[in-house]
Every structure is written in structure tokens, then in C-alpha cells.
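Structural features, examined
Below are the chains, spelled out letter by letter.
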Amino acid sequence: MRLINALTVDVEDYFHVSAFSNHIDRNHWDRYPCRVEANTRALLGLFEKAGVKVTFFVLGWVAERYPALVREIASAGHEVACHGYSHELVYRQTPSVFREETRRAKEVLEDIIQQPVKGYRAASYSITPKSTWALDVIAELGFRYDSSIFPVRHDRYGMPGARREPHVLKTPAGHTLVEFPLSTLQAFRYRLPVAGGGYFRLFPYWFTRYALGRINKADRLPFIFYLHPWEIDTNQPRVQAGRLSRFRHYQNLDRCEQRLVALLKDFSFDTAERVLANSGLLASAGLAMPGANVMPRAG
Ligand SMILES: [Zn+2]
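Residues numbered from 1 in each chain as written. Predicted model: local features only at pLDDT ≥ 70, side-chain atom pairs only at ≥ 80, totals over all residues. Heavy atoms only, no water.

1. Some words on the overall build of the protein
Put simply, the rule is: Counting from the N terminus, the helices are the DSSP runs of H or I reaching at least four residues and the strands are the DSSP runs of E reaching at least two. When we talk radius of gyration, it's over C-alpha atoms, and the globule rule is simply 2.2 Å times the number of residues to the 0.38. The classification of residues rests on relative accessible area computed with a 1.4 Å probe and restricted to protein chains. Under 20% of the type maximum is buried, over 50% is exposed, and intermediate values are partly exposed.
Helix and strand counts for the protein come out as 11 helices and 11 strands. The C-alpha radius of gyration of the protein comes to 18 Å, within 12% of the 19 Å expected for a compact globule of 299 residues. Counting the 299 residues in the protein, one finds 56% classified as buried.

2. Let's talk about the pattern of salt bridges
Here is the rule we go by: We define a salt bridge as a side-chain nitrogen of Lys or Arg found within 4 Å of a carboxyl oxygen belonging to Asp or Glu.
Inspection of every chain in the model, using the stated rule, returns 16 salt bridges. Its salt-bridge partner being R209, residue D266 comes within 3.6 Å of it at the nearest N-O pair. Of this pair, D266 sits in helix 9 (residues 253–266) while R209 sits in helix 7 (residues 205–217); the two residues are 57 residues apart in sequence, bridging distant segments of the chain. Since its relative accessible area comes to 40%, R209 is described here as partly exposed.

3. Examining the coordination of the zinc ion
Under the convention used in this document: Atoms of type N, O and S within 2.8 Å of a metal are treated as its donors, and for Na, K and Ca the window is 3.2 Å; water is not considered, so some sites may appear to be missing partners.
Distances from the zinc ion to its protein donors, E12 (OE), H83 (NE2) and H87 (NE2), fall within 2.0 to 2.1 Å. The sequence pattern formed by the donor residues of the zinc ion is E-x70-H-x3-H. Of the two residues, E12 is situated in the loop between strand 1 (4–11) and helix 1 (36–50) and H87 in the loop between strand 3 (79–82) and helix 4 (95–113); the sequence distance between them amounts to 75 residues.

4. A short note on unusual backbone geometry
Residue S124 is not a glycine yet carries a positive backbone phi of 50°. Tracing the backbone through its elements, the reader meets S124 in the loop between strand 4 (119–120) and helix 5 (133–140). We note that R220 has phi near 55°; this positive angle belongs to a residue other than glycine. Judged by its relative accessible area of 52%, R220 falls in the exposed class.

5. Here's the deal with the packing of helix 4 against helix 5
Put simply, the test is: Lines fitted to C-alpha atoms define the axes here, with helix axes fitted over just the stretch in contact, and angles between the N-to-C directions of these axes take values from 0 to 180 degrees. Take the far helix as the reference: if the near one is turned anticlockwise from it by less than a right angle, the crossing is left-handed, and if turned clockwise, right-handed. In what follows, residue pairs with any heavy atoms lying within 4.5 Å of each other are defined as contacts. Amino acid classes used here: Ala, Val, Leu, Ile, Met, Phe, Trp, Tyr, Cys and Pro are nonpolar; Asp, Glu, Lys and Arg are charged; the rest, including Gly, are polar.
Their axes nearest at 10 Å, the elements helix 4 and helix 5 cross at an angle of 35°. In the packing of helix 4 onto helix 5, the handedness of the crossing is right-handed. Together, P95, F98 and R99 of helix 4 and W133, A134, V137, I138 and E140 of helix 5 make up the contact between the two elements. In the contact of helix 4 with helix 5, the residues fall into six nonpolar, no polar and two charged.

6. Regarding the pairing of strand 8 (residues 184–187)
Quick note on the threshold: Here, any two strands with at least 2 DSSP bridges between them count as paired.
In this sheet, strand 9 (residues 190–193) lies alongside strand 8 in antiparallel orientation, the contact comprising four bridges. Of the residues in strand 9, the one forming a bridge with T184 is P193.

7. Here's the deal with the nonpolar core
Spelled out, the test is: Definition of nonpolar core: a set of buried residues of the types Ala, Val, Leu, Ile, Met, Phe, Trp, Tyr and Cys, connected through side-chain atoms within 4.5 Å.
Judged by nonpolar contacts, the single largest core of 99 residues is most densely connected at F47, V58, I127 and F225. The greatest single-element share of this core, amounting to six residues, is contributed by helix 4. Ignoring any residue separated from it by four or fewer positions in sequence, one finds F47 in contact with L7, V9, V52, V54, F56, H78, L260 and L264.

8. Some words on the packing of helix 1 against helix 3 (residues 67–75)
How two helices pack is summed up by the angle between their axes together with the distance between the axes. Filter applied, for reference: Each angle gets one of four labels, with under 35 degrees taken as roughly parallel, over 145 as roughly antiparallel, 65 to 115 as roughly perpendicular, and the rest as oblique.
At a closest axis distance of 11 Å, the pairing of helix 1 and helix 3 adopts a crossing angle of 10°. Relative to helix 3, helix 1 is oriented roughly parallel. From helix 1, V36, E37, T40, R41 and L44 reach across to helix 3, where they touch L69, E72 and I73. Here the residues of the contact of helix 1 with helix 3 are counted per class, giving four nonpolar, one polar and three charged.

9. Topic: the side chain of H16
Stated precisely, the cut-off is as follows: Polar contacts, as used here, are pairs of N or O atoms within 3.5 Å; protein pairs need one atom able to donate a hydrogen and one able to accept it. Residues neighboring in sequence count only if both atoms are side-chain atoms.
Tracing the backbone shows H16 in the loop between strand 1 and helix 1. At a separation of 2.7 Å, a polar atom in the side chain of H16 contacts the main-chain amide nitrogen of D13.

10. Points about the packing of aromatic side chains
Which entries qualify depends on this criterion: Aromatic contacts are taken between Phe, Tyr and Trp rings whose centres are within 6.5 Å, Trp giving its six-membered ring; a plane angle under 30 degrees counts as stacked, one over 60 as edge-to-face, and the others as tilted. Whether a charge lies above a ring is judged from NZ of Lys or CZ of Arg, which has to be within 6 Å of the ring centre and within 35 degrees of the ring normal.
Across all of its chains, the model carries 24 aromatic pairs by this definition. Between the aromatic rings of F57 and Y145, the centroid separation amounts to 6.5 Å while the plane-to-plane angle is 75°, which identifies the pairing as edge-to-face. Here F57, found in strand 2 (residues 55–58), pairs with Y145, found in strand 5 (residues 145–146); they are 88 residues apart in sequence, far enough to count as distant. Just as F57 is buried, Y145 falls in that class too. Taking 6.0 Å as the distance between ring centres and 85° as the angle between the ring planes, the aromatic pair formed by F98 and Y120 counts as edge-to-face. One end of the pair, F98, is in helix 4; the other, Y120, is in strand 4, and 22 residues separate them in sequence. A single burial state applies to F98 and to Y120, both of which are buried. Through successive ring pairs, a cluster of aromatic residues spans Y125, F150, Y157, Y199, F203, W206, F207, Y210 and Y226. The ring of Y85 has R104 sitting right over it, with the charged end atom 3.9 Å from the ring centre.

11. Examining the pairing of strand 2
Covered by surrounding structure in strand 2 are T55 and F57 together with F56 and V58, the residues of both alternating faces. In terms of strand pairing, strand 2 meets strand 3 through four bridges, oriented parallel. Across the sheet, the residue bridging to F56 is V80, located in strand 3.

In C-alpha cells form, the structure reads like this:
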């Protein structure tokens, strides 16, 4: 039987990405032509054609400007989850600023869809060993699961020693939260990020298919795949950033959409929430009941 994997989209625009934050002032975001609405609609069309439901982690800044888009995502049967408000890296924020902006983003989304938002993903996976306090905040704000930990080494994110598989974790203050870490291929002592974004555009498709297939067949684990609406947009305005940032952002944009269509045929997908629920993790964390709070169970 084929395992069912999670497919996720981080709904943000090309000018929000962390790699460009030294070149684009956050206060000037409103000056850039927005392309997130059209690109997200294009993704919705691809998912409808393939008959799959996925999870959209929506940035609060985007949700405030495009509430109709968020409603469209929800009414098509997809999961609406939270990508924070400002796309500031978590470890550059104080806990109180992080708490306020994450609460604001969750409230904006819940006001629009009139349903509780259960999933959270940090900007650029920026929950690292420096910012594990954020897991407390996420649990205390009522999220049921997090998908921000990338168990690799990278210049901007990563928690190299963290577990690779979805699991229930205890936050530093003792709350319970389900974690769906970004998927990696374990090859000898090395962990290779293979499940989305720049890696999906960088590696040839046959390699991605092989690596994700190995996670399903050899590890018997569901993987979590991610991409951004701007990754299928070949006509987006070019930002004059450094060479590495430009390479990471623009490499193989023109191949992304056709690869995604192939991926949708080669693997089975569903929302992150349902993949975690089906694995029993949300239930074992005491988080499956509607309205259940996130405090650890007694005993
Ligand atoms: Zn992001």
C-alpha cells in the first residue's frame, strides 16, 4: 500500500523571502507588485486537477490583504495553517514579539475561515537550538502541530541532531506538541534535504523521486513536501540580491511546475493534519479532540 504524504505550500510572495531581506526593506513591501494571489490560484488549479488536498501555511501579511484567497483555499477543502505574520526569522525576535505576531497571524486566519488553525510553520524553518522557546509559545497559542524543524545543517536554519520522523515532543516548558520535521534522506552519516523548495528545483526530478520513494519504502515514513507559490512563477520581477541568494531563488523556476505535476502522479498526498491524525500522533499527544487544550495529559 502506498503511504500518504503531506504536501504543503508556504503562501508568501517573492519579496518576502528571507534571502532577500537585506535587499528589500519590510516597510517597502507594499511598493512591490504582488503575484502571490495569481500564483496560489495556479497551484489550486493543479491540485484540483490532481484531486489532492494539501496544507497552505499562509503568511498573516498575505491573509490580511487577500482574505478571499484564504477563503478559496479553505472552501476547496484544503487545510489553512499559519506561517507567522511578518516572515521575520524566529531567532531574531524576542519571545514577546514572536508571541504577539503569531497570535495576530492566527487570529487573522481564524477570522477569515471561521475555524481553528492547528498547524504552524516558522519563516525559513527558523526554530533552531537558539529558539526552542518558540515551541512553548506555539503550544500555548493553541496550535496542535508544528512543522518548522529542519534536521540538517544550513546557514539560516537547521537542528542537525533533531529527529527525522514525525513525533510528539515536549516543549522546554513541558507542553506537548506534534512535530512534523522537514523530510530528509538519511544516507550513511549524512542527511540530505530532498523534500521541496530550492532542493526540488536543484536536484534532477529522478533523484527527488528516488529519495522520497526511499523515505516511504525503506524508512516506512510519510514525507512532508513544501514549495512556495513564487516557485512556479517564471515572470516574477528579479531582485538584485547576492549571487548565492539569486541562485537559490531563480534556479530552475521554469522546471518546477512540470516537476510538481509529475510528483502529484508519482506519490499520494493529503493535508499535514490528516497525515498526522492517521499516524495516531495527534491522538497520542491528546490533541485529537476538537477543543482539547494543549497541556500535557496527567500521568
Ligand atoms: Zn516562508
